[in-house]
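Architecture at a glance
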Amino acid sequence: MKFKAFLTDNGVYLLEKRFLPALDKLGKTCHVYLTRDHAAFLHNLLNGHGLHSVAQFRREVLFDDYRISSQNDDRIAFAVDISLLHRAVRSAATVCCGSSSDGSNNRLQIKLVKKLPPNCTQPMPFLTFETRGYKSAVIQDVPISKPLSRTQVLELQSALETAQDMPQTLVQAPDLVQLQNFVDRMKYLGDSLNVFISKYGDLLVEVSATMISLGTEFRKMMVIGEKADAPAEDLILSAQSRSSRSILRGDAQSVQVSVKHFSKSLQCHLAKPDCAFYGIAPQGSCLAVIFQFFIPGTHQTDKSISLHCRLPVLDPGSS
């Protein structure tokens, strides 16, 4: 089992400044999954609890001179502490910012190694970052779990493929920071959040307590997938009445999720997506949040980068 590559300048920027800060907010540890073509950071895909997240990159986005080999069809996966990984990338990037004595740019190498830690009798696996600057060199060893077995890798791959299934209707979210501020004000009312999504482009987020309900509604947002025109008679109705009628017509779904999970997913704004979409999976099995990234200088989707979260529901939902 071997892995060695050089992080590109863009790869260092994406990891250090955007994705690792966001992923660290979602959970302390994640699985790093490396294949011939992709690198992915996965939260909770091997268990049925908590918020699931998938950040996936084509290998050329993060790396060059990429070399990987294993008996698992050249696939390697392991668990890592995200804060330690972020610290190593940040420290190595600081040295990389300098220039070598001949004026050329430094390169940041990353590789899997086994080393014998102090006071240990068995070698342990590490993800090692190595770079050499004009006046200093940095070698940082990030401890990782034992690489996953063939069976575990197959299970992870299967979970990843399942996680790629998207809801039939996706409704664009408003500004994520604005939505985060609203959720921060609502979370003191209760631990659960009702989320309603319609084919008309309506998104309703609401917290209910014993004596009060507080929510916000966004209407006529952009819709991807199945869409429909709202009946004219619904225009004069309240948000609650409209949502009930559209659910009965089969044009909408609603689910209840944890305020904590919803708030965590909004921390993905740190990855600086260009927009986000919400959708509810069939039978209300989960709430999906899809973050979209554009090719710089355009409004075309960058298909080399993807990030999405799946929030478990607190009840079966309604459809």
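Residues numbered from 1 in each chain as written. Predicted model: local features only at pLDDT ≥ 70, side-chain atom pairs only at ≥ 80, totals over all residues. Heavy atoms only, no water.

What counts is decided by this rule: UniProt positions are given in the numbering used here, feature names are shortened, and annotations may be inferred rather than shown by experiment.
An unreviewed UniProt entry lists the chain under the name Checkpoint protein, with Stylosanthes scabra given as the organism. Database annotation for the chain, UniProt heading Sequence similarities (unreviewed entry): "Belongs to the HUS1 family."

**Some thoughts on the overall build of the chain**
Condition: Only DSSP runs of H or I with at least four residues qualify as helices, and only runs of E with at least two residues qualify as strands; both kinds are numbered from the N terminus onward. Type-normalised accessible area, obtained with a 1.4 Å probe on protein chains alone, sets the label of each residue: buried when under 20%, exposed when over 50%, and partly exposed for intermediate values. Any two residues whose heavy atoms approach within 4.5 Å are treated as being in contact. All accessible-area figures derive from a Shrake-Rupley calculation using a 1.4 Å probe, and residue coverage is judged against the displayed protein chains alone.
Tallying secondary structure elements over the chain gives 7 helices and 18 strands in all. C-alpha extents for the chain along the principal axes are approximately 70 × 40 × 35 Å. Burial analysis of the chain (319 residues in total) assigns 51% to the buried set. Contacts spanning at least 24 positions in sequence make up 65% of the contacts within the chain whose residues lie at least 6 apart. Approximately 15,900 Å² of the chain is accessible, and the part contributed by carbon and sulfur atoms is 50%.

**Considering the sheet that holds strand S13 (residues 213-218)**
Whenever strands of a sheet pair, they do so through backbone hydrogen bonds, lying parallel or antiparallel. Convention followed: For two strands to be treated as a pair, DSSP must find no fewer than two bridges joining them. Here an angle of 0 to 180 degrees is reported between the N-to-C directions of two axes, which are lines fitted to C-alpha atoms, with helices fitted over the stretch in contact.
Pairing within the open sheet is antiparallel, and its 4 strands lie in the order S13-S12-S11-S15. Each edge of the open sheet is held by one strand with a lone partner, namely S13 and strand S15 (252-258). Ignoring which end each strand starts from, the neighbouring axes of this sheet average 15° apart. Looking at chain direction, strand S12 (residues 203-208) and S13 are connected through 6 bridges and run antiparallel. Bridged to Ser 208 within S13 is Ser 213. Each of strand S11 (192-198), S12 and S13 is contacted by helix H5 (residues 176-186), which is oriented at about 170° to S13, the strand it contacts most. Packed on one face of the sheet, helix H6 (residues 239-248) meets S11, S12, S13 and S15 and runs near 115° to S15.

**Structural notes on the pattern of salt bridges**
Selection criterion: We count a salt bridge whenever a side-chain nitrogen from Lys or Arg sits within 4 Å of a carboxyl oxygen from Asp or Glu.
Taken as a whole and assessed by the stated rule, the structure comprises 12 salt bridges. Across the salt bridge formed by Asp 65 and Arg 67, the nearest N and O atoms sit 3.3 Å from each other. Residues joined in a network through salt bridges with shared partners are Arg 36, Asp 73 and Asp 74.

**Some remarks on the nonpolar core**
Our working definition: By convention a nonpolar core is built from buried Ala, Val, Leu, Ile, Met, Phe, Trp, Tyr and Cys residues, the set being connected through side-chain atoms within 4.5 Å.
Counting residues in hydrophobic clusters, the biggest one holds 73 residues, and the most contacted among them are Phe 3, Phe 41, Leu 127, Phe 129, Phe 262, Tyr 278 and Leu 287. Ranked by residue count, the leading element in this core is helix H1 (residues 9-26), at 8 residues. In contact with Phe 262, not counting residues within four places along its chain, are Leu 179, Val 183, Leu 193, Val 195, Val 205, Val 257, Tyr 278, Leu 287 and Leu 311. Counting 12 residues, the second largest nonpolar core, distinct from the first, contains Ala 40, Ala 77, Leu 160 and Ala 163.

**Brief notes about helix H4 (residues 150-163)**
Short version of the rule: One fewer than the residue count of a helix, multiplied by 1.5 Å, yields its expected span. Taking the helix axis as origin, the arc is that swept by the directions to the C-beta atoms.
When the terminal C-alpha atoms of H4 are compared, their 20 Å separation across 14 residues agrees well with the 20 Å that a helix rising 1.5 Å per residue should span. Residues of H4 that are buried: Val 153, Leu 156, Gln 157, Ala 159, Leu 160 and Ala 163. Mapping the buried residues of H4 onto a view down its axis gives an arc of 165°, with all of them on the same face. On its buried face, H4 is in contact with strand S2 (29-34), strand S3 (38-43), strand S4 (52-58), strand S6 (76-81) and strand S18 (305-312).

**So, the side chain of Asp 81**
Note the threshold: Two N or O atoms form a polar contact when they lie within 3.5 Å of each other; inside protein one atom must be a possible hydrogen donor and the other a possible acceptor, and for residues adjacent in sequence the pair counts only when both atoms belong to side chains.
Looking at the secondary structure, you find Asp 81 in strand S6. Given a relative accessible area of 13%, Asp 81 falls into the buried group. Of the polar contacts made by the side chain of Asp 81, one reaches the side chain of Lys 28; its length is 2.7 Å. With residues up to four places along the chain from it excluded, the contact list for Asp 81 reads Lys 28 and Thr 29.

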